[in-house]
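# Structural features, examined
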Amino acid sequence: MKSLSDLQRIRDEAKKRVSMREGNQEYRIVVGMATCGIAAGARPVLTTLVEEAAKNNYPVTVTQTGCIGMCTLEPIVEVFGPQGDKTTYVLVDSRKAVEILEEHIGKGKVKTEYTVGASGVAL
Amino acid sequence: MMERVHVLVCAGTGCTSSQSDVIVEKFRSYVRQFDLHEEVKVIKTGCFGLCQKGPIIAIHPDKTFYCHVTPADVEEIVVEHLYKGRPVKRLELSDIDEETKEKVFDIDKIRFYAKQMRIALKNCGVINPEDIDEYIAQDGYMALGKALESMTSQQVIDEIKKSGLRGRGGGGFPTGLKWQFAANQPKGQKYVICNADEGDPGAFMDRSILEGDPHSVLEAMAIAGYAIGANHGYVYIRAEYPIAVQRLETAIEQAKSYGLLGKKILGSKFDFDIEIRLGAGAFVCGEETALIASIEGRRGMPMPKPPFPAISGVWGKPTIINNVETFANVPVILLKGADWFSSIGTEKSKGTKVFALGGKIVNTGLVEIPMGTTLREVIYEIGGGCPGNKNFKAVQTGGPSGGCLTENDLDTPIDFDNLVALGSMMGSGGMIVLDEDNCIVDVARFYMDFIVDESCGKCTPCRVGTKRLLEMLNDVCEGRGTLQTLHDMEDLANKIKDTSLCGLGQTAPNPVLSTLRLFRDEYLAHVVKKKCPSGVCKSLLTYSIITEKCRKCSLCAKQCPTGAISGVPGKEPYVIDASKCIKCGACMTACRFDAVVRV
């Protein structure tokens, strides 16, 4: 390392790898990962979310949780916004996960057609 | 695949002794077994502070903290938490919220952490101490970069002076001033020494910093080198800290390979190298001049001052010696500014102080608090008070050089000057809590025994005087003491204080003087009534059985290892033969009817 800017570059790279330990990101995304979720394909959804979020520097923390309760609609992804507002996306796959990140986190617009309200299930 | 979970396992000395190294291995093998190894990273980290509840494990980004984890729990955590996303509640660190009386798991709501402020320990339990990139991610080496690129040596010293940082090793000498003395010496070979010879019984602050964040100390030493014009540093550390030594070695190697130590650091004209010097664990080598002698390969014995090390130190060259915790504060001060640092703490003691809480306290461990926090807050709110609802008796601070503080002192804000005014001292940060079951004479005897072992022998008052003091304390504990003994002790203690050369001898009688002043009644009970009120000094105890309470069950007699108890089951009450009794207390523990008493 020859200069302060070399050090800064290493720092910026290293920061990305440990950012998850700081918590307090703007958005929190939770993926249901109980047996039902895993069986319906929640694992690729989870890894896609983690990878895409890191690649695009989205201000999100991606975590997993147990069964959310609507097993027929798994994989379920919940997005908690800065004000604690919650959006529930259902029947998510990797492609939808990318779109949700782009629209909801990137542009601040809820991707309505993938939400539980649009799923047609009477709640 | 991108990592999505980091499992941080405490790898400090405390948790390692309860198998945290095995836990790490188990985690790695289960994570692989469940095919999670590309998304879950298992990391060894430094001390989380709550050693009482170790081994501690943190899982991020969930911010879940598990405590008292055993190797047998690992499979469950991997399957339930890492695979299925269900935290293992039974192992989660929790506290009871004082207002709602409900269980809380949020780390910020746990009282042990709520009142703490981590500056010196900021990276402990957060980063992997064996990975320089993780330190750099927390702005590591940026303070050194800032100093080299945009500050003159004098500006660095001025900033440290302005911050009000004082030495954390005991004396509280202003760090900036010390640096100034060495910087004012003519140009030429100078040295920077980090004093990691932590010797107070019960103190482990410096060890934990070196184990959890070794780079912060290396970075600060390089900054100090730049400030005073030195290009060589020594870390003097005791060989009995193997984990700290090994992490320091790794850290030095990594810093060298990154060019953050060595020649022309970060493209500047500044060279700096660091070497480790292992000490054999002599208490006196924490004293500056003895430490220098030891580094030079001579026997660790103090020399008269002046000349001070800043003028003539190691190899006769200008040298600054700072303690580990002092150094750990330096990079943050340069990055966040002297004004930020001096806004924390009291008028004359700025910043925070790390304490090692030990003794009769619920939360044994490492705490860092802003100066000015009261002893009551530390002992009751952070420490959780004395276990088993026992009454608090005193807290011993400053190790063998310090003294005791009592109930009356609990509301005193902790800082360098307040503790000295109360007859104790900050010291390096050991805080041993005593409860009603501790005999104060016995405690004084413990410290004196330590000093007798550790006196280097150079000065007669310390070498012979402390030995005589110990004998007198033994007399008091064993019932041979008189009022004259107490008088002689005080007299001798003051003479040792006045006539010893170094800090060790000058402060050696402090535990005796402090306890004699604060707990004279307890000493008097020993020498006049020949009783030990706390029931510790065996020679002064007698066990007996209250005939009216005895149910003649024979349990006590069965437990007695010397056959000192006689009676007839169901017919005659039991009695203890004092001439055979060895005062082990087994009968008292065995009796279910409180018939055995100790006076």
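Residues numbered from 1 in each chain as written. Chains lettered and ligands numbered in written order. Predicted model: local features only at pLDDT ≥ 70, side-chain atom pairs only at ≥ 80, totals over all residues.

### A look at the domain arrangement of chain B
In terms of domains, chain B is made up of domain 1 (5–107), domain 2 (132–342), domain 3 (352–435), domain 4 (440–529) and domain 5 (542–598). Using C-alpha coordinates to define each centre, domain 4 of chain B is positioned 37 Å away from domain 5 of chain B. (Domains from an automatic or database assignment.)

### A closer look at the environment of B:Lys178
Residue and element names in this part refer to chain B. Structurally, Lys178 can be placed in helix 8 (residues 175–183). Owing to 24 C-beta atoms within 10 Å, Lys178 belongs among the buried residues under this scheme. Through-space distance from the C-alpha of Lys178 to that of Lys161 is 9.4 Å; in sequence the pair is 17 residues apart. Those residues in contact with Lys178 that lie beyond four places of it in its chain are Phe173, Ala310 and Ile320. (Helix = DSSP H or I, 4+ residues; strand = E, 2+ residues; numbered from the N terminus. Buried ≥ 20, exposed ≤ 12 C-beta atoms within 10 Å, placed from the backbone. Contact = placed C-beta atoms within 7 Å.)

### As for the interface of chain A and chain B
With 27 residues of chain A at the interface, the matching set in chain B holds 27 residues. Elements represented by at least two residues in the side of chain A that touches chain B include exactly helix 1 (4–18), helix 3 (42–55) and strand 2 (60–65) of chain A. A class-by-class count of the residues in the side of chain A that touches chain B yields 13 nonpolar, eight polar and six charged. (Nonpolar A, V, L, I, M, F, W, Y, C, P; charged D, E, K, R; others polar.)

### Brief notes about the packing of helix 6 (residues 142–150) of chain B against helix 10 (residues 214–228) of chain B
Residue and element names in this part refer to chain B. With their axes 9 Å apart at the nearest point, helix 6 and helix 10 run at an angle of 15° to one another. Compared by their axis directions, helix 6 and helix 10 come out roughly parallel. Note that helix 6 runs across helix 10; the crossing there is left-handed. On the side of helix 6, the interface is formed by Ala143, Leu144, Ala147 and Leu148, while helix 10 contributes Glu219, Ala222, Ile223 and Tyr226. Its residues assigned to classes, the contact of helix 6 with helix 10 shows seven nonpolar, no polar and one charged. (Axes fitted to C-alpha atoms, helices over the stretch in contact; angles between N-to-C directions. Parallel < 35°, antiparallel > 145°, perpendicular 65-115°, else oblique. Left-handed = near helix turned anticlockwise from the far one by under 90°.)

### Some words on the nonpolar core
Formed by 173 residues in total, the largest nonpolar core has its most connected members in B:Val7, B:Val9, B:Phe27, B:Val217, B:Met221, B:Ile223 and B:Val395. The biggest single contributor to this core is helix 10 of chain B, with 10 residues. With residues near it in sequence (within four places) discarded, B:Val9 still touches B:Ser20, B:Ile23, B:Val24, B:Phe27, B:Val42, B:Lys44, B:Thr45, B:Pro55 and B:Ile57. One finds A:Val45, A:Leu49, A:Ile68 and A:Tyr89 within the second-largest nonpolar core, a separate group that totals 26 residues. (Core = buried A, V, L, I, M, F, W, Y, C linked by C-beta atoms within 7 Å.)

### Observations regarding the sheet that holds strand 1 (residues 5–10) of chain B
Residue and element names in this part refer to chain B. Strand order in the open sheet formed by four strands is 2-1-3-4, and the pairing between neighbours is mixed. Of all the strands in the sheet, just strand 2 (40–45) and strand 4 (64–66) have a single pairing partner and so form its edges. On average, adjacent strands in this sheet sit at an angle of 20° to one another, irrespective of strand direction. The pairing of strand 1 with strand 3 (residues 57–60) spans four bridges and is antiparallel. Along strand 3, the bridge assignment pairs Val9 with Ile57. (Pairing = 2+ DSSP bridges.)

### Some points on the packing of helix 9 (residues 205–212) of chain B against helix 13 (residues 324–336) of chain B
All names here are of chain B. Closest axis-to-axis distance for the helix 9/helix 13 pair is 9 Å, and the angle between their directions is 45°. Of the possible angle classes, the one that applies to helix 9 and helix 13 is oblique. When helix 9 is examined against helix 13, the residues Met205, Asp206, Ile209 and Leu210 are found in contact with a partner set consisting of Val324, Glu325 and Ala328. Partitioned by chemical class, the residues of the contact of helix 9 with helix 13 number five nonpolar, no polar and two charged.

### Focus on unusual backbone geometry
Residues and elements named next belong to chain B. Along the chain, Lys305 connects to Pro306 via a cis peptide bond; the corresponding omega equals -5°. Structurally, Pro306 can be placed in the loop between helix 12 (288–295) and strand 10 (319–323). Between Pro306 and Pro307 the backbone carries a cis peptide bond, its omega angle lying at 5°. Here Pro307 lies in the loop between helix 12 and strand 10. Even without being glycine, His68 reaches a positive phi, approximately 50°. Despite not being glycine, Trp315 has its phi angle at roughly 55°, a positive value. With 12 C-beta atoms counted inside 10 Å, the residue Trp315 sits in the exposed group.

### Focus on the sheet that holds strand 15 (residues 430–435) of chain B
Paired through their backbone hydrogen bonds, the strands of a sheet run either parallel or antiparallel. Residues and elements named next belong to chain B. Spatially, five strands are ordered 12-11-15-13-14 in an open sheet, and the strand pairing comes out mixed. Looking at which strands have only one partner, the edges of the open sheet turn out to be strand 12 (365–370) and strand 14 (403–406). Geometrically, the sheet is characterised by an average inter-axis angle of 30° between neighbouring strands, direction not taken into account. Two strands pair when backbone bridges link them, and strand 11 (residues 352–359) and strand 12 are joined in this way by six bridges, in the antiparallel orientation. Within the sheet, the bridge partner assigned to Val354 lies in strand 12 and is Glu368.

### Quick notes on the pairing of strand 13 (residues 392–397) of chain B
Residue and element names in this part refer to chain B. Burial analysis of strand 13 places five of its six residues in the buried class, which makes it a mostly covered element. Here strand 13 runs beside strand 15; their pairing, made up of five bridges, is antiparallel. The residue of strand 15 that forms the bridge with Gln396 is Ile432. Across four bridges, the pairing between strand 13 and strand 14 is antiparallel. For Ala394, the partnering residue across the bridge sits in strand 14 and is Thr406.

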